[in-house]
Amino acid sequence: YLSSLDISDFCCVIVYKEKEPLVLVPKLEFLKAKQVSSIRKVISLHNFWQQLKQLVAAKTIGLNFSCISIDEFKRFRQTFPKTRFVDIAVDLDKIRRIKAQEEIRRLRLACSITDEITELCISQFRKFRTEADVMNFIEYETKKLGLTVSFPTIVASGKNAAMPHHATSMQKLQKGFCVIDWGIRYDMYCSDMSRTLYIGKPSEKERALYEKVLQSQQHALDTAKAGMKSADIDKLSRKILGKLNKYFIHSLGHQIGIDVHEGSFRLSSKSKDTIENGMVFTIEPGIYIPNKLGIRIEDTVMVDKKAIPLTKFTKELIVIA
């Protein structure tokens, strides 16, 4: 987040109180970091603990405890035996909650591309035979653009849709509701969108179930705005579902950014968070009736006084007859 570097290998950012920050990267990532990093001072890593001892001299050091192992923390204490360590994970979380304009630009593009590939997928849906066929098409189209998915694509049809985190398989597409939950990573930033379509001919009762979830989501979109308690949005959404709320088994939404589930912010009845301008999160009510069906409708939204959907693909019930 601080360096703008997407490096899978070890990387460390050092932020000083009075000097310019620097980033330590492995030798094989040095040239990339020099070109891409938002931190201008880049140092090639050869012996991390020895270099760290030379570069850092402080009575107190802040560490992101959420990103280091117990073993790494032990090494920090061994390297700096007289230093006090404090957890800055909460501070970093607060910084990441409010997105800068450049972050919003990347998130908008990620969501726009997600819409386009989803539309292409639905237009060719009749040629797919298995859940994996749908997933492979989506991920192939993503890779053609030089991008990656932000999490393993979920395609859950029939009874499988009752499992929010169903593992997409070679199982034949089943009649009934089919949930497609996916997103892309564009220039490090993630999108997340779920749409539910119907394979076969839905009954009036099934259409009514879908409309109830759609009403719940639309009400949350219309109601969410800066200054509101996230718990209140969750409660209002559940109230719309009425008796179906017992099948809504997860929170209404989560923060999104570099991570698809980012930080501690949640739209949840237990949350103490307040919605602020510049936040980006999902709104995704769903119902899951065990061994029968599942319906989820999800958008990535940003807050500019009110909630503005960044994913815009249609939410009318698409029927694949």
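Parameters at a glance
Residues numbered from 1 in each chain as written. Predicted model: local features only at pLDDT ≥ 70, side-chain atom pairs only at ≥ 80, totals over all residues. Heavy atoms only, no water. Helix = DSSP H or I, 4+ residues; strand = E, 2+ residues; numbered from the N terminus. Polar contact = N/O pair within 3.5 Å; in protein donor to acceptor, adjacent residues only side chain to side chain. Contact = heavy atoms within 4.5 Å. Axes fitted to C-alpha atoms, helices over the stretch in contact; angles between N-to-C directions. Parallel < 35°, antiparallel > 145°, perpendicular 65-115°, else oblique. Left-handed = near helix turned anticlockwise from the far one by under 90°. Pairing = 2+ DSSP bridges. Core = buried A, V, L, I, M, F, W, Y, C linked by side-chain atoms within 4.5 Å. Buried < 20%, exposed > 50% of the residue type's maximum accessible area, 1.4 Å probe, protein only. Arc of directions from axis to C-beta. Phe/Tyr/Trp six-rings, centres within 6.5 Å; stacked < 30°, edge-to-face > 60°. Expected span 1.5 Å × (residues − 1).

Some details on the side chain of R97
Phase 1 of the analysis: Its place among the elements puts R97 in helix α4 (residues 89-97).
Phase 2 of the analysis: Separated by 3.0 Å, the side chains of R97 and S264 make a polar contact.
Phase 3 of the analysis: Ignoring sequence-local partners within four residues, the contact set of R97 consists of Q255, S264, F265, D273, G278, M279 and V280.

Remarks on the packing of helix α2 (residues 48-55) against helix α3 (residues 70-79)
Phase 1 of the analysis: Two numbers describe how α2 lies on α3: the axes approach to 11 Å, and their chain directions differ by 45°. Put simply, α2 runs oblique to α3. The crossing of α2 and α3 is right-handed. Note on element contacts: α3 touches α2 through E72, R75, F76 and T79, opposite F48, W49, L52 and K53.

Quick look at the sheet that holds strand β8 (residues 176-182)
Phase 1 of the analysis: One open sheet holds the four strands; their spatial order is β7-β8-β11-β19, and the pairing between them is mixed. The sheet is open, and its two borders are formed by β7 (154-157) and β19 (319-320), each paired with just one other strand.
Phase 2 of the analysis: Where β8 and strand β11 (residues 193-199) come together, seven bridges link them in antiparallel fashion. Across the sheet, residue F177 finds its bridge partner in β11, namely Y198.
Phase 3 of the analysis: Each of β7 and β8 touches helix α6 (residues 131-144); the most contacted strand, β7, lies at about 155° to it.

Here's the deal with the nonpolar core
Phase 1 of the analysis: Counting residues in each nonpolar core, the largest one holds 30 residues, and the members touching the most others are I233, L267, I275, F281, I283 and I295.
Phase 2 of the analysis: Of the residues forming this core, the biggest block, six residues, is contributed by helix α7 (residues 204-223).
Phase 3 of the analysis: If near-sequence neighbours (up to four positions away) are discounted, F281 is found in contact with H254, Q255, I256, F265, L267, I275, D299, T300, V301 and V303.
Phase 4 of the analysis: I117, C121, V134 and M135 belong to the second largest nonpolar core, which has 23 residues in total.

Let's talk about α4
Three or four residues apart is the spacing at which side chains of an α-helix point the same way, because the helix has 3.6 residues per turn.
Phase 1 of the analysis: By the burial criterion, the buried members of α4 are A89, L92, D93, R96 and R97. The buried residues of α4 all sit within an arc of 140° when viewed along its axis, so they share a single face. Seen from the open side of α4, the exposed residues pointing more than 90 degrees away from its buried face are V90 and K94.
Phase 2 of the analysis: For α4, the elements touching its buried residues are β4 (60-63), β5 (84-87) and β14 (280-283).

Remarks on the packing of aromatic side chains
Phase 1 of the analysis: This structure, assessed with the given rule, holds 11 aromatic pairs.
Phase 2 of the analysis: Pairing F48 with W49 gives two aromatic rings, centres 4.8 Å apart and planes at 75°, and the pair type is edge-to-face. Across this residue pair, the class does not change: F48 and W49 are buried.
Phase 3 of the analysis: Relative to F281, the ring of F265 lies with its centre 5.4 Å away and its plane at 35°, an arrangement referred to as tilted. Taken as a pair, F265 in the loop between β12 (253-254) and β13 (266-267) and F281 in strand β14 lie far apart in primary sequence, 16 residues in all. Like F281, F265 is buried.

What to know about α7
Phase 1 of the analysis: Along its 20 residues, α7 runs 28 Å from first to last C-alpha, staying within 8% of the 28 Å computed at 1.5 Å per residue.
Phase 2 of the analysis: For α7, the set of buried residues is E206, L209, Y210, V213, L214, S216, Q217, A220, L221 and T223.

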